Amino acid sequence: MTCKKDGCGCNAPDFAELSPVLEKYAGIPGSLITILQKTQDIYGYLSMDVIHFISEKTGIKPAKIYGVATFYTQFRLKPIGKNLIMLCKGTACHVNGADAIEEAVMEELSIKDGETTEDGLFTLNNVACLGCCSLAPVMMIKSADGDETFGNLTKESVKLALREIKKRGSEVNR
Amino acid sequence: MRILVGQGSCGIATGAKKTAAEFEQQIATLGLKGHVVDKTGCVGVCFLEPIVDVYGDDGILSARYVRIQPEKVTDIVQKHLIGGEPVESYLISPEDDAFLKKQVKIVLRNCGIINPEHIEEYIAAGGYEATRKVLTAMTPEEVIEEVKVSGLRGRGGAGFPTWFKWDAARKNESDIKYMCCNADEGDPGAFMDRSVLEGDPHAVLEGMIIGGYAIGAAEGVIYVRAEYPLAIARLEIAMKQAREKNFLGKNIMGSGFDFDIRIKAGAGAFVCGEETALIASLEGERGMPRLKPPFPAQKGFWQKPTNINNVETFANVPWIIVNGGEAFAAYGTEKSKGTKVFALAGKIKKGGLVEVPMGLPLRDVIFEIGGGMKNDRKFKAVQMGGPSGGCIPEELGDTPVDYESITKTGAIVGSGGMIVMDETTCMVDMARYFLDFTRKESCGKCTYCRVGTKRMLEILERITRGEGKDGDIELLTELAEKVKDGSMCGLGQTAPNPVLTTIRYFRNEYEDHIYRKKCTAHSCKALLTFTITDACVGCTLCAKKCPVGAISGKIKERHLIDQSKCIKCGKCEEVCKFSAILRD
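Being a predicted model, the structure only gives us computed values, none of them experimental.

## Considering the domain arrangement of chain B
Residue and element names in this part refer to chain B.
In step 1: Structurally, chain B comprises domain 1 (2-93), domain 2 (119-329), domain 3 (339-422), domain 4 (427-516) and domain 5 (528-583).
In step 2: The C-alpha centroid of domain 4 is placed 35 Å from the C-alpha centroid of domain 2.
In step 3: At the junction of the two partners, domain 2 supplies 10 residues and domain 4 supplies 8 residues.
In step 4: Tallied by class, the residues present in the side of domain 2 that touches domain 4 amount to 8 nonpolar, 1 polar and 1 charged.

See the structure below:
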């Protein structure tokens, strides 16, 4: 996200990708949430730099943008790993043992809710409900390859799924 | 033949896409002619996914196959598509078929039957007939009257008469009005809105068009959860196709009525199910509710008259217009008309979506349709209405499912989530779970909701940790009443319901936790004691796996757990192959 101008060595942030989004929405009242969603789609999270940039372009005060960003669970202020594990903690999943699934993820990856693994491969996020209640317990893994949902989880099947992704990740890197 | 593979989120999660791809590949490889592989939404029997329906050339369902993983595809292709004989062993069983037969499908009429991405199929099933009827032969007042006759009430939770809201929005004069669809299905445990949006998006669009015409709005907005990417994608396809056919846009079907819809993706906040919070969110603000009046019908989105209905409510509307309000009112009870979709989940054998006439006893829904408890355990309670609702105990199983009767028990119909619990579910833990949810989701505006729910949660956490004190139950009840009275919106007003109902019906469990330091459901970890029984053969596995070295014993001799070291993680129980670990 730093300056990409030829020969320029400065560290000023560059938000070229975001400009078309702002051009489209900055003039439409009530578009702040949409802008933040599109921003997060591009950068994976909302940095303070980007919040100031949006403020500059839209005239909305940074405090207000920050207020909206922290109100909704979808927005993140920290970068995430390549694979975002959305672990469902809805009622049906809770009743069917989502806590044990969370334990299994913690055992396998040594991360807690909201944390990212050191290798940057996984981030764990507990979510309220994915709406696949009859397949509880459920998790969804979001990555550049798309979304994949895993149902009827057991401690073993979660670990297997995570190992499979780890394996794929290391193959790509090679 | 037409091979229809169910591809709602549930189906896809169980591998339906791979199944469909396998069919396509085999048909192509073998060069078979006259077969089409197509997709459809969820038929509601989520526990049997992936589901494959094979329709004959006459358009009649010739076989419904269940749990079809890719490796089963070859058999169906060889024996059924080529050989002409259905593969008996993969067919839906008569008992599971009963899951579907006992239902009355109005909202879910097209789900699992049509391809939601093809408007032609929706039209062939009678779609957009209601729009035509309304725009060519009915005045807005007549539309509202028809909805009034039907007795349709809001399916999102509060059960407010739909016609009344429409009428109020109609009567408020304004140059601009808005018709909003609340698709922010926030109850963790309800998924009927997702299923309708994924399986029959046009029904919702049509309901909105008709509603827009009735109140005099030219713009519609669907506020949908960002967690439902497939629903958003299918809605977008549906809207594009509807525009191409002039069901949306300017001068719809030559009637002079303009109406268009756009999607606004929510960003995750349970409180946005509340109308005024939803409007704040639509305007790009923090989704915090405000005092009513003015009601949205007076001053809503951008201060203009706004009507908000739930997805399921809208999906009922076209059916009511085509079949008449009286036909709808023929189902249900005196005050709760029509059918309602329920999401059966939890410890139930056959989880999924069921649509039944209002007024059916709870027990029938759970046992006759849902097949009873998983592993044939004992039915204990059902949570209705999610975090705003309450637990209904087994002894009230004969309660008819309608707005009034359910409210009497202390729960609410809500959006229709039914989480079924058996004897292994701890009711104090359930109350703690819901409070944890509402505490996180409180927007913070009202002190009682913001601080009160936190204090209640702390007490419940203490109790489940075995640190409950005399007077805790009374303190919880007192706080619950204060939170109810001191909160402005539905979230705070209903947040204590799970606590109040579990105290009302399962006070003994609270007392067991507090005074006996026991969790009778054997679920609260801190209150458990793990011991090794005679069944132990001394395989030493548990001792090896115990993370704190609390288990000792010689090989081929019964082992022993040192209770002072045990952290109650349950690892020994998990690994024991001889069921020799007793949790009490």
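Let's pick the thread back up.
## Examining the interface of chain B and chain A
In step 1: Each partner contributes residues to the interface: chain B has 41 residues there, and chain A has 32 residues.
In step 2: Of all elements in the fold, only α1 (9-13), α12 (275-282), β9 (339-346), β13 (417-422) and α17 (427-441) of chain B reach the threshold of two or more residues within the side of chain B that touches chain A.
In step 3: For the side of chain B that touches chain A, the element with the highest residue contribution is α1 of chain B, accounting for 4 residues.
In step 4: Split by residue class, the side of chain B that touches chain A holds 21 nonpolar, 13 polar and 7 charged.

## Notes on the nonpolar core
In step 1: Membership of the largest hydrophobic core comes to 212 residues, with the highest contact counts inside it found for Val138 of chain A together with Val204, Ala343 and Val382 of chain B.
In step 2: Look past the residues within four positions of Val382 of chain B in its chain and what remains in contact with it is Leu362, Ile366, Ile392, Met418, Ile419, Val420 and Met421 of chain B.
In step 3: Residues Phe530, Ile532, Ile551 and Cys576 of chain B belong to the second largest nonpolar core, which totals 12 residues.

## Comments concerning helix α2 (residues 16-30) of chain B
Residues and elements named next belong to chain B.
In step 1: The first and last C-alpha atoms of α2 sit 21 Å apart over 15 residues, in line with the 21 Å expected at 1.5 Å per residue.
In step 2: For α2, the set of buried residues is Ala16, Thr19, Ala20, Glu22 and Phe23. For α2, the angular spread of the buried residues around the axis is 155°, confining them to a single face. Within α2, the exposed residues directed more than 90 degrees away from the buried face are Ala28 and Thr29.
In step 3: Buried residues belonging to α2 abut β1 (2-6), α1, β2 (36-40), β3 (52-55) and α3 (73-82).
In step 4: Looking at the residues trailing α2, positive phi occurs at Gly31, about 65°.

## Looking at the pairing of strand β1 (residues 83-88) of chain A
Residue and element names in this part refer to chain A.
In step 1: Sheet analysis places β1 next to strand β2 (residues 122-127), joined by 6 bridges and oriented parallel. Opposite Leu87, over in β2, you have Asn126 as the bridge partner.
In step 2: With 4 bridges joining them, β1 and strand β3 (residues 139-143) adopt antiparallel strand pairing. Bridge assignment links Ile85 to a residue of β3, and that residue is Ile141.

Calculation criteria
- Residues numbered from 1 in each chain as written.
- Chains lettered and ligands numbered in written order.
- Predicted model: local features only at pLDDT ≥ 70, side-chain atom pairs only at ≥ 80, totals over all residues.
- Domains from an automatic or database assignment.
- Contact = placed C-beta atoms within 7 Å.
- Nonpolar A, V, L, I, M, F, W, Y, C, P; charged D, E, K, R; others polar.
- Helix = DSSP H or I, 4+ residues; strand = E, 2+ residues; numbered from the N terminus.
- Core = buried A, V, L, I, M, F, W, Y, C linked by C-beta atoms within 7 Å.
- Buried ≥ 20, exposed ≤ 12 C-beta atoms within 10 Å, placed from the backbone.
- Expected span 1.5 Å × (residues − 1).
- Arc of directions from axis to C-beta.
- Pairing = 2+ DSSP bridges.

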